[in-house]
Amino acid sequence: MNILTASINKTTLERFNQIRTQTEKICAPLEPEDTVVQPMVDVSPPKWHMAHSTWFFEQFVLGPYLKNYRVFHPSYAFLFNSYYNTVGNRVQRAERSTLTRPPLRDVYAYRRHVNEHMGELLNTLSDEKLEELLPVLELGLQHEQQHQELLITDIKYILSTNALLPAYHEAVSVPQASNPGEAAFLEVPGGIYRIGFQGEGFSFDNELGVHEVLLADFQIMNRLVTNREYLEFMQEDGYSDFRFWLDEGLAMVRRDNLKAPLYWLEQDGDWYQFTMHGLEKLDLHKPVSHISFYEAQAYATWAGKRLLTEFEWEAASQVYPPVEGNFQETGMYEPKAATSGTGMQQLYGDTWEWTYSAYHPYPGFSTAPGALGEYNGKFMVNQMVLRGGSCATPERHIRTTYRNFFHPDKRWQFSGIRLAQ
């Protein structure tokens, strides 16, 4: 091993340890009982997240690259595989809450086992194997960061279903939010824009396939829609007026008797919101969050505006490059209010922004061979794209080309609204 390889291995190991530690830091405030709950299919128990992200390194890194590696437990590949049909059967997603065993202490022991052997691998990796391994290892680290975000959103949903409405942690001290004032609409000139990931560094395969799109002139709202603005929509019978809704969205509203965003609760004429800090009075100045695509689209129609397409969002990020955001690292795990002013705000962080774009492959997209080819491609149907990251997203995980995607009825993520016209 030469000096350059040793340096890369050391830096990689430090980053590996930092990301793995952050996952356990997120879970630290939980009681063991919290880690096995699955109140709906979309939510996975925190214990499962911790084990699954560990299995990923064992399956795709240690097994193929560390000589004589022995798996921690022969059944864990069945218990903690998520959707990789290539590598065998698995516990079905809706049944993850049945995994009362292995106990939480064994999951932490599993994480230590894999961490130790990853250290052994990176301290002994040959020059020729390093180049082959790094892309797979990087995918594993990005994968764990995705699960960190899912952990935060899943923990919030789990605690919200507890009758005690327990707080995950005390609120981080921040200045009292002030009214950001009326939103401004910023010009984005029409023209040809290059879309997709370019340059060095990591990206997911769904960002690849750089291509040009022709856009007309449009205007983009300089901040996210606030709770106050969304409440006006509700007070004007927004949830009951069929004129604002797509047919599937209206059917969802009627079926589930929806009257407000997820986590909103009306008591004695006042609105409250369940947060990671427990039940709090609704802060009218913060961005509205935990809404479905259908709700975002209905609000935009009511407001006489529209949602951006994902290409418009990416073009706007080229005209108004985001420089900062409220991400996971702030420790807030909740959106914060915009400040007054007419400049671009909140393109990064706070809430993911629904776009009016279906999740489809870019030109030239091809599925990678083997199990890792199942990572994105097979989900490119019946879902909508979101952009920009949220308060649960790790800051180094986001890019302006990052394409998140969910079915249009999903509400448990930190998802919000930015308007266009």
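Residues numbered from 1 in each chain as written. Predicted model: local features only at pLDDT ≥ 70, side-chain atom pairs only at ≥ 80, totals over all residues. Heavy atoms only, no water.

1. Considering the sheet that holds strand E13 (residues 404–406)
Put simply, the rule reads: Paired strands, in this sense, are two strands between which DSSP finds at least two bridges. The secondary structure listing takes helices from DSSP runs of H or I that are at least 4 residues long and strands from runs of E that are at least 2 residues long, numbered from the N terminus. The contact rule is simple, with two residues in contact once any of their heavy atoms fall within 4.5 Å. In this analysis, axes come from line fits to C-alpha atoms, helices being fitted only over the stretch in contact, and the angle between any two N-to-C directions falls in the range 0 to 180 degrees.
Strand order across the open sheet formed by four strands is E13-E12-E11-E14, with mixed pairing between neighbours. Two strands close off the open sheet at either side, each with one partner strand: E13 and strand E14 (415–416). The strands touched by helix H8 (residues 293–302) within the sheet are strand E11 (352–358) and strand E12 (384–387), with E11 carrying the most contacts at an inclination of about 85 degrees.

2. Concerning the nonpolar core
Condition: In this text, buried Ala, Val, Leu, Ile, Met, Phe, Trp, Tyr and Cys residues form a nonpolar core when linked through side-chain atoms within 4.5 Å. Relative accessibility under 20% of the residue-type maximum defines a buried residue, over 50% an exposed one, and the middle range a partly exposed one, all with a 1.4 Å probe and only protein chains included. Throughout, the edges of the domains are those of an automatic or database domain assignment.
With 97 residues, the main nonpolar core has Tyr 230, Phe 233 and Ile 417 as its most contacted residues. Top element by residues in this core is helix H5 (residues 127–160). It accounts for 12 residues. Viewed by domain, this core spans two of them, domain 1 (3–161) and domain 2 (185–420), each represented by three or more residues. Not counting residues within four places of it along the chain, the set of residues in contact with Tyr 230 comprises Val 225, Tyr 239, Pro 261, Trp 264, Val 288, Ile 291, Glu 295, Tyr 299 and Ile 417. In this structure, Leu 186, Val 188, Leu 215 and Ile 220 belong to the second largest nonpolar core, which totals 13 residues.

3. Let's talk about helix H4 (residues 104–124)
Which entries qualify depends on this criterion: The span one expects for a helix is its residue count, reduced by one, times 1.5 Å.
Along its 21 residues, H4 runs 31 Å from first to last C-alpha, staying within 8% of the 30 Å computed at 1.5 Å per residue. Where H4 is concerned, the buried positions are Leu 104, Val 107, Ala 109, Tyr 110, Arg 111, His 113, Val 114, Asn 115, Met 118, Gly 119, Leu 121 and Leu 122.

4. Focus on the packing of H4 against H5
Where we set the bar: Here the word oblique covers every angle except those under 35 degrees (roughly parallel), over 145 (roughly antiparallel) and from 65 to 115 (roughly perpendicular). The crossing is said to be left-handed when, going from far helix to near helix, the turn is anticlockwise and less than a right angle, and right-handed when the turn is clockwise. Put simply, Ala, Val, Leu, Ile, Met, Phe, Trp, Tyr, Cys and Pro go in the nonpolar bin, Asp, Glu, Lys and Arg in the charged bin, and everything else, Gly too, in the polar bin.
Their axes nearest at 14 Å, the elements H4 and H5 cross at an angle of 150 degrees. In terms of orientation, H4 lies roughly antiparallel with respect to H5. Where H4 crosses over H5, the two elements pack in a sense that is left-handed. Of the residues in H5, those in contact with Arg 111, Met 118, Leu 121 and Leu 122 of H4 are Leu 133, Leu 137 and Glu 144. Residue classes in the contact of H4 with H5 are distributed as five nonpolar, no polar and two charged.

5. Considerations on the sheet that holds strand E6 (residues 270–275)
As summarised here, the arrangement of the three strands in space is E5-E6-E7, forming an open sheet in which the pairing is antiparallel. One side of each edge strand has no neighbouring strand; the edge strands of this open sheet are strand E5 (264–267) and strand E7 (278–281). Neighbour-to-neighbour, the strand axes of the sheet open up by a mean angle of 35 degrees, direction not taken into account.

6. What to know about the packing of helix H2 (residues 46–65) against H4
Helices that pack against each other are described as a pair by the angle of their axes relative to one another and the distance between those axes. The interhelical angle for the contact between H2 and H4, taken along N-to-C directions, is 30 degrees, at an axis separation of 10 Å. In terms of axis orientation, H2 runs roughly parallel to H4. Judged by the sense of rotation from one axis to the other, the crossing of H2 with H4 is left-handed. Only Leu 104, Val 107, Tyr 108, Tyr 110, Arg 111, His 113, Val 114, His 117, Met 118 and Leu 121 of H4 make contact with H2, whose side of the interface consists of Lys 47, Met 50, Ala 51, Ser 53, Thr 54, Trp 55, Phe 57, Glu 58, Val 61, Leu 62 and Tyr 65. Residue composition of the contact of H2 with H4, by class: 14 nonpolar, four polar and three charged.

7. Section: the UniProt feature "domain: DinB-like" (unreviewed entry) in the chain
Let me state the cut-off plainly: UniProt positions are given in the numbering used here, feature names are shortened, and annotations may be inferred rather than shown by experiment.
Per the UniProt record, "domain: DinB-like" (unreviewed entry) is found at residues 16–149. This span, residues 16–149, is 60% helix and 0% strand, and a straight line between its end C-alpha atoms measures 17 Å.

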